[in-house]
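# A look at the structure
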Amino acid sequence: MILLTRKAEFSAAHYYWNSAWSEEENLRRFGKCANRNGHGHNYTLEVTVAGEVDPDTGFVVDLKQLKDVIEREVVSVYDHRHLNLEVPEFTKAIPTTENIAVATWKRLDGKIPGAKLYRVRVYELPELFADYYGE
């Protein structure tokens, strides 16, 4: 089995807010990140797939297909969007790095021809990232 990772980038805004809490509690828990106007990040996404090397092509997966799936399912949906306001999965879930990784997995799972999704890694900052390996 070979693991192959493709990177992509997107820029998006978000804020942290739990509607079950008071404004005071949200501010206490999330600080500046609770500003309802939001703030932005340049996210880096790593998508790792697992599979066997095709003896005819030498590839685990068609790299163009992998790039196209990531672009269609994630980048085109998240890039230059306010995640809380414009992306359906974050109307109820707080768009933390962890939740973005889970949502990205759900968007990609089963859509990569010829390979199995192994890991999704989302960097919010160079020193902050979340990994998700599925259920």
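How each quantity is defined
Residues numbered from 1 in each chain as written. Predicted model: local features only at pLDDT ≥ 70, side-chain atom pairs only at ≥ 80, totals over all residues. Heavy atoms only, no water. Helix = DSSP H or I, 4+ residues; strand = E, 2+ residues; numbered from the N terminus. Expected span 1.5 Å × (residues − 1). Bend = angle between axes of the 7 residues up to and from the residue. Buried < 20%, exposed > 50% of the residue type's maximum accessible area, 1.4 Å probe, protein only. Contact = heavy atoms within 4.5 Å. Polar contact = N/O pair within 3.5 Å; in protein donor to acceptor, adjacent residues only side chain to side chain. Pairing = 2+ DSSP bridges. Axes fitted to C-alpha atoms, helices over the stretch in contact; angles between N-to-C directions.

It is worth spelling out helix 2 (residues 63-78) at this point. Residues spaced three or four apart along an α-helix face the same direction, because each turn holds 3.6 residues. In a regular helix each residue adds 1.5 Å, so 16 residues correspond to 22 Å; helix 2 covers 21 Å between its end C-alpha atoms and thus fits that length. Largest kink in helix 2: about 45°, centred on Glu 71. Among all positions of helix 2, only Leu 66, Val 69, Ile 70, Glu 73, Val 74, Val 75 and Tyr 78 are buried. Structurally, helix 2 contributes buried residues whose contacts are with strand 1 (2-14), strand 2 (39-51), strand 3 (81-82), helix 3 (83-86) and helix 4 (97-108). Measuring from the backbone nitrogen of Lys 64 back to the side-chain oxygen at the start of helix 2 gives 2.9 Å, which picks out Asp 62 as the cap. Note on helix 2: the residue one or two positions beyond its end, His 80, has a positive phi of about 55°.

Here we take up the pairing of strand 4 (residues 116-125). Burial analysis of strand 4 places 7 of its 10 residues in the buried class, which makes it a mostly covered element. Here strand 2 runs beside strand 4; their pairing, made up of 7 bridges, is antiparallel. Directly across from Glu 46, in strand 4, lies its bridge partner Arg 121. Where strand 4 and strand 5 (residues 128-132) come together, 5 bridges link them in antiparallel fashion. The partner of Val 122 across the bridge, within strand 5, is Ala 130. Counting the residues between successive antiparallel strands, the hairpin from strand 4 to strand 5 contains 2 residues.

Sheet strands pair by backbone hydrogen bonding; their relative direction is either parallel or antiparallel. Spatially, 5 strands are ordered 3-1-2-4-5 in an open sheet, and the strand pairing comes out mixed. Both edges of this open sheet fall to strand 3 and strand 5, since each of them pairs with a single strand only. Along the sheet, helix 2 contacts strand 1, strand 2 and strand 3; its crossing angle with strand 1, the most-contacted strand, is approximately 20°.

The subject of this paragraph is the side chain of Arg 119. Along the polypeptide, Arg 119 turns up in strand 4. Side-chain polar atoms of Arg 119 contact the side chain of Glu 46, separated by 2.8 Å. Leave out the neighbours within four places in its chain, and Arg 119 touches Thr 5, Glu 46, Val 47, Thr 48, Trp 105, Asp 131, Tyr 132 and Tyr 133.

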